[in-house]
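Given next are the chains, with one letter for each unit.
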Amino acid sequence: KENSLGGSTSVEQVSSVPTSFSLEQNYPNPFNPSTTIKFQVARAGFVTLKIFDMLGREVSTLVSQQLDAGTYQSKWDGSGYASGIYLYTLQQGNSVETRKLLLVK
């Protein structure tokens with residue numbers, strides 16, 4: 001899948017034994033040009049993982065699909081973006097978690 005600036009993104013299932021809905025801190029952080037974001041979903045459902053700038057504008061969608069319960073990871077290539085702080089948000093139904101990441105060039 002390609003994001004709006006042409007960098008590729010992917011999501012892969014790491015484990016199928018989730019305990020809760022959770023979003024982990026990305027690593028490495030700070031990063032240049034790419035970082036990995038791990039997350040867990042405790043039940044099957046539609047999941048989105050999006051990156052936003054500090055003005056609240058969506059800059060990339062990493063995940064927007066039906067996922068089974070499990071632990072996943074997705075990579076974000078920030079090479080087409082400006083240095084700075086970005087927010088990433090995981091959402092499934094009414095469950096939402098947001099964390100910060102730092103892109104340094």
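Conventions used here
Residue numbers run consecutively from 1 along every chain, following the written order of its sequence. Selection of residues for local features in this predicted model requires a pLDDT of at least 70, selection of side-chain atom pairs for listing and counting requires 80 or more, and totals for whole chains, interfaces and linings are taken over all residues. Heavy atoms from the whole structure form the basis of all side-chain values; hydrogens and water molecules are not counted. Each pair of aromatic rings taken from Phe, Tyr and Trp, with Trp reduced to its six-membered ring, is defined by centres within 6.5 Å and is described as stacked if the planes are under 30 degrees apart, edge-to-face if over 60, and tilted in the remaining cases. Accessibility here uses a 1.4 Å probe with only protein chains present; expressed as a share of the type maximum, an area under 20% marks a residue as buried, one over 50% as exposed, and anything in between as partly exposed. We define a salt bridge as a side-chain nitrogen of Lys or Arg found within 4 Å of a carboxyl oxygen belonging to Asp or Glu. Strand pairing is assigned whenever DSSP detects at least two bridges linking the two strands. By the criteria applied, helices consist of DSSP H or I runs no shorter than four residues and strands consist of E runs no shorter than two, each listed in order from the N terminus. Contacts were defined at the residue level, with two residues in contact if any of their heavy atoms lie within 4.5 Å.

Draft legend 1. Up close: the packing of aromatic side chains. By the definition in use, this model includes five aromatic pairs. Plain terms: the ring middles of Tyr-81 and Tyr-86 are 6.4 Å apart, the flat faces sit at 75° to each other, and that makes the pair edge-to-face. Given the relative accessible area of 8%, Tyr-81 is considered buried. One aromatic cluster is present, formed by Phe-31, Trp-76, Tyr-81 and Tyr-86 through successive ring pairs.

Draft legend 2. Quick look at the pattern of salt bridges. By the definition in use, this model includes two salt bridges. Of the charged contacts in the structure, one is a salt bridge between Lys-50 and Glu-58, with a shortest N-O distance of 3.4 Å. Among the residues examined, Lys-50 registers a relative accessible area of 24% and is labelled partly exposed. The exposure class assigned to Glu-58 is partly exposed, which follows from its relative accessible area of 43%. Arg-57 is the partner of Asp-53 in a salt bridge, and the nearest nitrogen-oxygen pair spans 2.7 Å. Residue Asp-53 is classed as buried on the basis of its relative accessible area of 10%.

Draft legend 3. Layout of the pairing of strand β5 (residues 58-67). Sheet topology note: the strand β4 (residues 45-52)/β5 ladder contains eight bridges and is antiparallel. Within β5, the residue paired with Ile-51 across the bridge is Ser-60. The loop that links β4 with its antiparallel partner β5 comprises five residues; one of these, Gly-56, has a positive phi angle of about 85°.

Draft legend 4. Structural view of the side chain of Ser-22. The topology assignment puts Ser-22 in strand β2 (residues 22-23). You can call Ser-22 buried: its relative accessible area is 18%. Apart from the residues lying within four places of it in its own chain, the contact partners of Ser-22 are Phe-39, Gln-40, Leu-90 and Glu-97.

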